[in-house]
Amino acid sequence: MDALSKSDPMLVVYTKMDGRLEEIGRTEVILNSLEPLWITKAMINYQFEIVQPLVFRIYDVDTKYHNTPLKTLNLAQQDFLGEAFCNLSEIVTKFNHSLTLNLRNGSGHALQGTVTVHAEETASSRMAVDMQFHCLNLDNKDTFSKSDPFLRVSRLSESAVAIPICKTEVIKNNLNPVWRPITLTSQQYSSKDDPLLVECFDFDASGNHELIGSLQTTIAQLENLYNSKAGANFYSHKGQKKVRFQLYDTIINKKLLHLTSRRNQSVFS
């Protein structure tokens, strides 16, 4: 929808209650992207015996509203990119809990775009992991300056789909970045032995971020790295060793939202 750049999409999730829409949640805004991967989750109680219609609407957020808190953002002032519909049961009953839907415009006509929704049952937990990453001797992807690196952490599902769960800030012009600490809850990483994908990108304002390297690991393996004060190597898509990074993490106990499961009802995000 933008003349000189790509759209800055945000997705809003609704459920239908008595014929009217009730907003469940909003994702973050992804700048300059036509294939956004949102991290923010929306929580909903799944009730087995009740039809629960969902509506997904995507908006291009105008640049002048980028610093506006998401909850106060006036959707009528944003460009509408399309919407999709399904029932929650359609997602939950899929073998991998993922469903791809075709986008439609406000008149119901089909658009070229699609949206893929992934659902997972949440578990009550009070455990979280604090981690701080830093890298040494990153590959320089820029010609007249240094790379502007950031990390994206994803959990790999049973079908090998990478589900983004966390992203660091961008550090400008730095091949030895130290990012601010991040916190991952067990609801995000599932278990200490479930596979995670850590990717390092060189940020580009156009949205075409260039992959510097990636690493498949687990929380348990990251703990071992911290305890041994060792680093691990990133790899390129061709399997070549790219960069060594040091990880520091600490297991902490943190009181999280306690989610309960009732009869015929589970909590999904």
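Structure's up top.
The rules behind each value
Residues numbered from 1 in each chain as written. Predicted model: local features only at pLDDT ≥ 70, side-chain atom pairs only at ≥ 80, totals over all residues. Heavy atoms only, no water. Salt bridge = Lys/Arg side-chain N within 4 Å of Asp/Glu carboxyl O. Helix = DSSP H or I, 4+ residues; strand = E, 2+ residues; numbered from the N terminus. Buried < 20%, exposed > 50% of the residue type's maximum accessible area, 1.4 Å probe, protein only. 1 Å grid on protein atoms, 1.4 Å probe; cavity = no way out; pocket = protein on both sides within 12 Å on 5 of 7 lines; lining within 4 Å. Points joined across faces, edges and corners; volume = space filled by probe spheres on them. Nonpolar A, V, L, I, M, F, W, Y, C, P; charged D, E, K, R; others polar. Domains from an automatic or database assignment. Pairing = 2+ DSSP bridges. Phe/Tyr/Trp six-rings, centres within 6.5 Å; stacked < 30°, edge-to-face > 60°. Lys NZ or Arg CZ within 6 Å of the ring centre and 35° of its normal. Polar contact = N/O pair within 3.5 Å; in protein donor to acceptor, adjacent residues only side chain to side chain. Core = buried A, V, L, I, M, F, W, Y, C linked by side-chain atoms within 4.5 Å. Contact = heavy atoms within 4.5 Å.

On to the pattern of salt bridges. One pass over the structure, following the stated rule, counts 7 salt bridges. With a shortest N-O distance of 2.8 Å, R57 and E83 are connected by a salt bridge. On the criterion of sequence distance, the pair formed by R57 in strand 4 (residues 53-60) and E83 in strand 5 (residues 79-87) is long-range, its members being 26 residues apart. The salt bridge involving E199 is made with R152; its shortest N-O contact spans 3.0 Å. Linking E199 in strand 12 (residues 196-202) with R152 in strand 9 (residues 149-156), this pair joins segments that are 47 residues apart in sequence. Here E199 matches R152 in class, with each residue buried. The network of salt bridges with shared partners includes K41, E120 and R155.

Moving on to helix 3 (residues 219-228). Those residues of helix 3 that sit buried are I219, A220, L222, E223 and L225. Two residues or fewer past helix 3, K229 is found with a positive phi of approximately 55°.

Taken as a whole, the largest pocket holds about 1,200 Å³ of empty space. For the lining of the largest pocket, the elements supplying multiple residues, two or more each, are strand 1 (9-17), strand 2 (20-26), strand 4, strand 5, helix 1 (88-92), strand 6 (98-104), strand 7 (110-118) and strand 10 (162-167). By residue class, the composition of the lining of the largest pocket is 30 nonpolar, 14 polar and 4 charged. The two domains that each donate at least three residues to the lining of the largest pocket are domain 1 (9-123) and domain 2 (128-253). Of the volumes computed, that of the second largest pocket is approximately 770 Å³. If you trace the second largest pocket, you find 27 residues lining it, with I30, L31, S33, K167 and H209 closest to the centre. Of the residues that constitute the lining of the second largest pocket, the class distribution is 12 nonpolar, 8 polar and 7 charged. Looking at which domains feed residues into the lining of the second largest pocket, each of domain 1 (9-123) and domain 2 (128-253) supplies at least three.

Checked against the element boundaries, F95 lands in the loop between helix 1 and strand 6. Note on F95: relative accessible area 74%, which makes it exposed. Here the alpha-carbon distance between F95 and S159, two residues 64 residues apart in the chain, equals 9.2 Å.

Quick look at the pairing of strand 13 (residues 210-217) now. With 6 of 8 residues buried, strand 13 lies mostly within the body of the structure. Across 7 bridges, the pairing between strand 12 and strand 13 is antiparallel. Directly across from V198, in strand 13, lies its bridge partner L215.

This part is about the packing of aromatic side chains. A full pass over the atoms with the stated rule returns 2 aromatic pairs. Against the face of Y14 rests R57, its NZ or CZ located 5.4 Å from the ring centre.

In the Ramachandran plot, H97 falls in the positive-phi region, its phi being about 60° despite a non-glycine side chain. Looking at where H97 falls in the secondary structure, it is placed in the loop between helix 1 and strand 6. Classification of H97 as partly exposed rests on a relative accessible area of 24%. Within the chain, N173 stands out as a residue other than glycine whose phi angle is a positive 55°. With respect to the secondary-structure elements, N173 resides in the loop between strand 10 and strand 11 (182-185).

Here W179 is to be found in the loop between strand 10 and strand 11. Residue class for W179 comes out buried when judged on its relative accessible area of 1%. Separated by 47 residues in sequence, W179 and Q132 place their C-alpha atoms 6.5 Å apart. A polar contact of 3.1 Å, which involves the side chain of W179, links it to the backbone oxygen of E169.

All right, on to the nonpolar core then. Counting 25 residues, the largest nonpolar core has M131, L151, W179, L184, C200, I219 and F234 as the members making the most contacts within it. Elements that contribute at least two residues to this core include exactly strand 8 (127-136), strand 9, strand 10, strand 11, strand 12, strand 13, helix 3 and strand 14 (231-235). Take this core: its biggest share by element is 4 residues, from strand 8. Setting aside residues up to four positions removed in sequence, W179 forms contacts with Q132, F133, H134, C135, P149, F150, L151, T168, E169, I171 and C200.

By themselves, these figures tell us nothing about what the structure is for.
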